[in-house]
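Coordinate analysis (summary)
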Amino acid sequence: MGKASKATKKFQKNHLKSTLDRRRAVKKNYKGKNVGPLKKSGANAELSADDLKAEKAREKELEEMSMGDFLAGGFEVPEGQDGVAAEDDESAEEDDEDMEEEEENDDDEEEEVAAPSKKKENKAAQHKQDIEALKSQDPEFYKYLQENDAGLLDFSDAEDDDLASLDSDADDAKDLDDPSASASGGAEVVTKAHIKRWRTALVSEHSLKALRRVVLAFRAAAHQGEDTDANKSYKYAIQEPAVFDELMILALTHIPEVVAHHIPAKENGGLDTSGTDKAKKYRNLIPLLKSHFGSLGHMLPNLSDPATLKLVLTTTEALVPYMLSFRKFLRGFLKSVIEIWGTNTHDSVRIAAFLLVRKFCVVGDSTIRDVCLKATYQTLIRASRSTTVHSLPAINLLKNSAAELYGLDLSASYQHAFGFVRQLAVHLRQSITQKSKESYKSVYNWQYTHSLDFWGLVLGQHARSPESPLRALVYPLVQVVLGAMRLIPTAQFFPLRFHLIRTLIKLSAATRTYIPLASALFEVLESAELRKKPKPSTLKPLDFGYVVRAPTSYLRTKTYQDGVCDEVAELFVEYYALEATSVAFPELVVPAIVALKRWTKKSKNAKFNRTMQTIIDKLDANAKFVTSRRANIEFAPENRREVDNFLSEVGVEKTPLGAYAKVQREVREERRRMVEEAEREESNARAERRDMRGKGWGSEDESGSEGEMEVDGGESEEEEEEE
């Protein structure tokens, strides 16, 4: 007896018991009665009174039967109706024996490996007979099916055979397969000759037969190297690495081309299945696509080679419209792709994964976009747990790419952004209301800092227009950032304050929204860290770009004070350069100029005093520049349009303050580049020394100089020893 098919297994699991019970009941009720075909002339005269009652009851049952019960019964009409032959006792007994035998011999073999059997042919013939009976019994319902589901009436034996032959197509394999090549386990060994024949058939003919073979071979390749399961078997086996590589390239590059040739994808992401031929082709392609997608989903998390990962992600982009129908697979596949986007160490692979996720957001529906937006943000937060000189470029790449996704559907992005910004506000409120010493750690960490910077980046890119839905979130986000900035206003958290001020400066520049930040900078100038005389120190300069909390060993030292002064001077220039072309700039800088002059008179830091005096001169020069330009204007302050367009033809870099800011920015970038190179060289030297100690070449005394400061926002940091 042939192996049980997928349909047989499903019937045995869901309907076998009830079918057997029903047939036994029918057999018991009608035993000894004449239930054969009735003749039209004089048939009622030969029936007894009980038979007439039973006949009327069956007719009444058929009339009262609902359409749902009728369809659920598999088009089985009660015996005795015209056009449908009644089953006799012998056929019922034979069916019982067949069902019981199939149940006893049912194995757990993979459903896709089932071969067509004679029972399928009988089932197809019986289905056709049921359709003909329906046509005579209920013409109105038959007409309804013709108009709304013609595929159900146009039942084809060839279609069933094609779907069932996904794994068992050895009978017609003479032209594309080599029967002589087979492994010891019965699987056919794929050779380069197979690859060549399949490639020719796919490229020149777009052959579905070759496509089926490539899908099966790719499935075996995706599970290559796994423990063999007794319940799983594959038609093909790959034994040579060169053949494996060629098969991967063949499947990944040509399967999307052949599928797109037979079922083209529309621009909006739908599939062109119009027409009977394309509809049949799509039904035939469904098991192939499902198998191929399952292989991709199984293989993707297990790949480590960057070139292979990039190839898989790039070529899968063309299959996105076809994946939308497989929702259960799609959720796990998207999770794997977003995980690669967030954790892979190669930028090219990250970009390929991002482009694939973006394609899903573009062609998918709102549900898929919601899944992508939520998963990308959560992955970004997990990846930003620790920030070092090595991980910061990758985190910036994640933030920039995720911000682009949030610009595809602003309405959906608003819902997510509102919820996540509110969540940040709740964390801040809990840190303020809770009296524990550790409550601030839920806010003063890298994850919270990067979250605020990310939403500032999103709003800066997509909330520039007053009509944007995200524009309404600018004010709440600014309030959360200002509240986090002043949660613990101590010198140890000046680095975090500088990070948040930069976030607000970028947001203000992008949205043209005035955000008062001068007071936050003057608080730093008036702190005890800068007013008191520092201690001499030999510590190396602290890079404020990679810390949110200064080590205790740096506090009150000359090194830390100089670093804070440089940061304050930079932020002063960047902040006031935003308003360098504003018509109100002269009035805006008056309090700042007065406060800075007063501070320089009391400060004993000669180097920083010279820097601040230069900033005062540039502020004063820019105020005079704006005053001279607005002396000839003819509009009043109430004319907002003219006010906004004031000096619009003059770039910020052409103003005295803007030109100074540009020069200082270039100097800082060059200095940062040199520092990063030195950090990388030092890190490589540490790695080499660790390798040498691991091999027994180094002394144990060298281990004391190996401390590298890595900041994790969620935990307190160890104090660094002075070098």
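Definitions and limits used
Residues numbered from 1 in each chain as written. Predicted model: local features only at pLDDT ≥ 70, side-chain atom pairs only at ≥ 80, totals over all residues. Heavy atoms only, no water. Helix = DSSP H or I, 4+ residues; strand = E, 2+ residues; numbered from the N terminus. Buried < 20%, exposed > 50% of the residue type's maximum accessible area, 1.4 Å probe, protein only. Disulfide = S-S within 2.5 Å. Phe/Tyr/Trp six-rings, centres within 6.5 Å; stacked < 30°, edge-to-face > 60°. Lys NZ or Arg CZ within 6 Å of the ring centre and 35° of its normal. Axes fitted to C-alpha atoms, helices over the stretch in contact; angles between N-to-C directions. Parallel < 35°, antiparallel > 145°, perpendicular 65-115°, else oblique. Left-handed = near helix turned anticlockwise from the far one by under 90°. Contact = heavy atoms within 4.5 Å. Nonpolar A, V, L, I, M, F, W, Y, C, P; charged D, E, K, R; others polar. Patch = residues over 30% accessible without salt bridge, like charges linked within 9 Å, V, L, I, M, F, W, Y side chains within 5 Å. Areas by Shrake-Rupley, 256 points an atom, 1.4 Å probe, with all protein chains shown as cover. Salt bridge = Lys/Arg side-chain N within 4 Å of Asp/Glu carboxyl O. Lys, Arg positive; Asp, Glu negative; His and termini not counted. Charge placed at Lys NZ, Arg CZ, Asp CG, Glu CD.

Let's talk about the overall build of the protein chain
- Helix and strand counts for the protein chain come out as 30 helices and 4 strands.
- Buried residues in the protein chain amount to 42% of all 723 residues.

Comments concerning the state of the cysteines
- If you walk through the whole model with that rule in mind, you get 0 disulfides.
- Take Cys361: it sits in no disulfide, and the sulfur closest to it among the cysteines is that of Cys372, at 3.7 Å.

Considering the environment of Ile263
- As for its placement among the helices and strands, Ile263 is situated in the loop between helix 12 (241–262) and helix 13 (276–299).
- For the pair Ile263 and Ser274, spaced 11 residues apart in sequence, the C-alpha separation works out to 9.5 Å.

Topic: the packing of aromatic side chains
- Scanning the model with the defined rule gives 23 aromatic pairs in all.
- Each ring, one from Tyr377 and one from Phe454, has its centre 5.8 Å from the other, and the planes form 35 degrees; the classification is tilted. One end of the pair, Tyr377, is in helix 18 (residues 366–383); the other, Phe454, is in helix 21 (residues 446–462), and 77 residues separate them in sequence.
- Tyr377 gets classed as buried once you look at its relative accessible area, which sits at 5%.
- The exposure class of Phe454 is buried, given its relative accessible area of 0%.
- Seen in terms of ring centroids, Phe522 and Phe572 are 5.1 Å apart; in terms of plane orientation they differ by 70 degrees. Their pairing is edge-to-face. Of this pair, Phe522 sits in helix 24 (residues 518–525) while Phe572 sits in helix 26 (residues 558–577), placing them 50 residues apart in sequence.
- Judged by its relative accessible area of 16%, Phe522 falls in the buried class.
- Accessibility expressed as a relative area gives 1% for Phe572, which makes it buried.
- Above the face of the Tyr236 ring, Lys235 is positioned so that its terminal group lies 5.5 Å from the ring centre.

What to know about the packing of helix 19 (residues 392–405) against helix 21
- The geometry of helix 19 relative to helix 21 is characterised by a closest axis approach of 9 Å and an angle of 40 degrees between their N-to-C directions. The orientation of helix 19 with respect to helix 21, classified from their angle, is oblique. As helix 19 runs across helix 21, the sense of the crossing is right-handed. Mapping the contact onto sequence places Leu392, Ile395, Lys399, Asn400, Ala402, Ala403 and Glu404 in helix 19 and His450, Asp453, Phe454, Leu457, Val458, Gln461 and His462 in helix 21.
- The residue makeup of the contact of helix 19 with helix 21, split by class, is 7 nonpolar, 4 polar and 3 charged.

Comments concerning a positive patch on the surface
- Side chains of Arg531, Lys532, Lys597, Arg598, Lys601 and Lys602 sit close together on the surface and give a patch of like positive charge.
- In terms of residue count, helix 27 (residues 585–602) provides more of the positive patch than any other element does, 4 residues in total.
- Its location among the elements puts Lys597 in helix 27.
- When its relative accessible area of 42% is taken as the criterion, Lys597 is described as partly exposed.

Focus: the pattern of salt bridges
- Enumeration over the complete set of coordinates arrives at 25 salt bridges.
- A salt bridge links Arg673 to Glu677; the nearest nitrogen and oxygen atoms lie 2.8 Å apart. Here the residue Arg673 and the residue Glu677 both occupy positions in helix 30 (residues 656–694), the gap between them amounting to 4 residues, near one helical turn.
- Each of Arg502, Glu567, Glu570, Glu574, Arg665 and Arg668 takes part in one network of salt bridges that share partners.

Interpretation in functional terms is not warranted from these geometric data alone.
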